[in-house]
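Fold and geometry: a report
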Amino acid sequence: MTDARITSQAISLTPLSPLHIGCGEDYEPTNYVIHQNVLYSFDSAVVPMDTAMRKDLLAAVCSGSIPSVAKFFQDKAEFFRIFSEHALPICSHCVERHRLMVNEEETKNQNKIARTTYCATNDGNVYYIPGSAVKGVIHTALLNRVNAGEPHDEEDDLDKKILGGTFSNSPMRFLKVADFLPTGSVPSRIIMAKRFYKNNVNKRGGLRMPFEILERGAVRPFLGSFGLTPPNVKQRSSYVYGSVEEIFRDLNAYYTPILKKEIENYARISAGRAWSSAVLQLLQKLSEDIQRNRIAIIRIGKNVGAESIVLKGNVASINKIKGKTSTITEWRIFEANEILPFGWCLVECTDDPIREAVKSFCSQQPETPVIDLTDLFAQRKAILQEVRRKEAEAIRRSQLSPEKLLIEDMVQKIKTSAGDLKPGSELYNEAWNFLQTALSWSVDLQIEVAHELGPVAKAKNMYQGKRAKELKTVFRTLRQEN
């Protein structure tokens, strides 16, 4: 039963930079193929492979070589992509790594690609932003405000020390954050990210990894909600949020300075200036809304850096024992002409009209196509229907006697033959021998042979020449007319 005291506010989320929220799953090179710079993921267990394909797959698996298995699927990309559950563009770096694996059996890279959060539906996979991810950044912002820069030991329970309680005693339990579901098609792609040294903007670290990301460029592509419950007298706490504006106030106080520093860092990188300039202009246009706490800046997901979870006073908000409060490297998305950070987003009250500044920012971002699988779904449906038909037919035939199977096969052969069936031809002789054999069967089967083959023999003009009279006699005998 819904608590009548809960105040619910619809909230929209707009990515300002690529977003990746890990879900613990990867695209494996044995469950995807790449076709024309698009990755198509599928479940091989549901693909109706024929006997020859299964034999080839078994041979690849038995070789013990992942590249051999990946090559098996990639060589048949046109077929397997029909059964894709999801498809999205993939960057040239990842395409080349995959090509080296399947064509040159490069084993250095396993070509696993970290997936972002999604849910499976009958119409394919759908992205979403977990409410827990957004609630986590609100929690960090609240800790930061209440703590006000006070130092803490690494072992301290910050919720208990700062907010006065954990779990049932935490003020955060009065805030419910729903999952942010898509309002339409969400642009996404596969990118390559690398570690860069912060103190040397042109120096890259050695590690690089591919990620599935939700791309910037769509206006309010996700919709969620905040549910605010006032505490009762016994639970009253000055730290319980009473309005969305209070939440936005803490988020802006914490994340806006971090974003401004990020903008400064990227402005020093030639490939990062376009993004930093666009975001700076957006912040300037939204400054009044940010000051009024009608809009908020957040950073969510993976690869956002330790600084995005550190409180004033250099206190790590999570992983207190082993956690770091700063790093010398950070993950950046790199492409031919652009370098981007992870995870920056805007959250707004959906009741507010869409701001022109946000629309303008999104329209200026590179367009990322959303792959339409409608045609492939139609092809898959047709193939699966034919597979089911053949399976049902196989079951039906398995229940027939050997004689009835021979009748069906002979009728089908004659029906599908080209032109008239003339005496002396190979198929005519085969049909004649079959009729002679049928004369030794039971009366019921003989009658069935005459009933099934008689009209076909007439349609194929088998009553020709010297055999015409003999053929008529055979059919009369089968019909038990003699």
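Everything that follows concerns the structure shown earlier in this document.
For clarity, every value in this text was computed on a predicted model and none was experimentally measured. (Residues numbered from 1 in each chain as written. Predicted model: local features only at pLDDT ≥ 70, side-chain atom pairs only at ≥ 80, totals over all residues. Heavy atoms only, no water.)

The next subject is helix 1 (residues 51–62). Taking 1.5 Å per residue as the helical rise, helix 1 with its 12 residues ought to reach 16 Å, and the 16 Å between its terminal C-alpha atoms agrees with that figure. Every buried residue of helix 1 is listed here: Met-53, Leu-57 and Ala-60. Viewed end-on, helix 1 has its buried residues packed into an arc of 60°, placing them on one side of the element. When the buried face of helix 1 is taken as reference, the exposed residues oriented beyond 90 degrees from it are Thr-51, Lys-55, Leu-58 and Cys-62. Considering only its buried residues, helix 1 is in contact with helix 2 (66–75) and helix 3 (77–80). The distance from a side-chain oxygen at the start of helix 1 to the backbone nitrogen of Ala-52 is 3.3 Å, and the residue carrying that oxygen is Asp-50. Looking one or two residues past helix 1, Gly-64 carries a phi angle of roughly 75°, positive in sign. (Helix = DSSP H or I, 4+ residues; strand = E, 2+ residues; numbered from the N terminus. Expected span 1.5 Å × (residues − 1). Buried < 20%, exposed > 50% of the residue type's maximum accessible area, 1.4 Å probe, protein only. Arc of directions from axis to C-beta. Contact = heavy atoms within 4.5 Å. Polar contact = N/O pair within 3.5 Å; in protein donor to acceptor, adjacent residues only side chain to side chain.)

Membership of the largest hydrophobic core comes to 86 residues, with the highest contact counts inside it found for Ile-138, Phe-226, Phe-248 and Leu-251. Counting residues per element, this core draws most heavily on helix 7 (residues 244–267), which supplies 10 residues. (Core = buried A, V, L, I, M, F, W, Y, C linked by side-chain atoms within 4.5 Å.)

Tracing the backbone through its elements, the reader meets Ser-170 in the loop between helix 6 (158–163) and strand 9 (175–177). Put simply, Ser-170 and Lys-160 are 10 residues apart on the chain and 8.1 Å apart in space, counted from C-alpha to C-alpha. In terms of polar contacts, Ser-170 uses its side chain to reach the backbone amide nitrogen of Met-172, at 3.1 Å.

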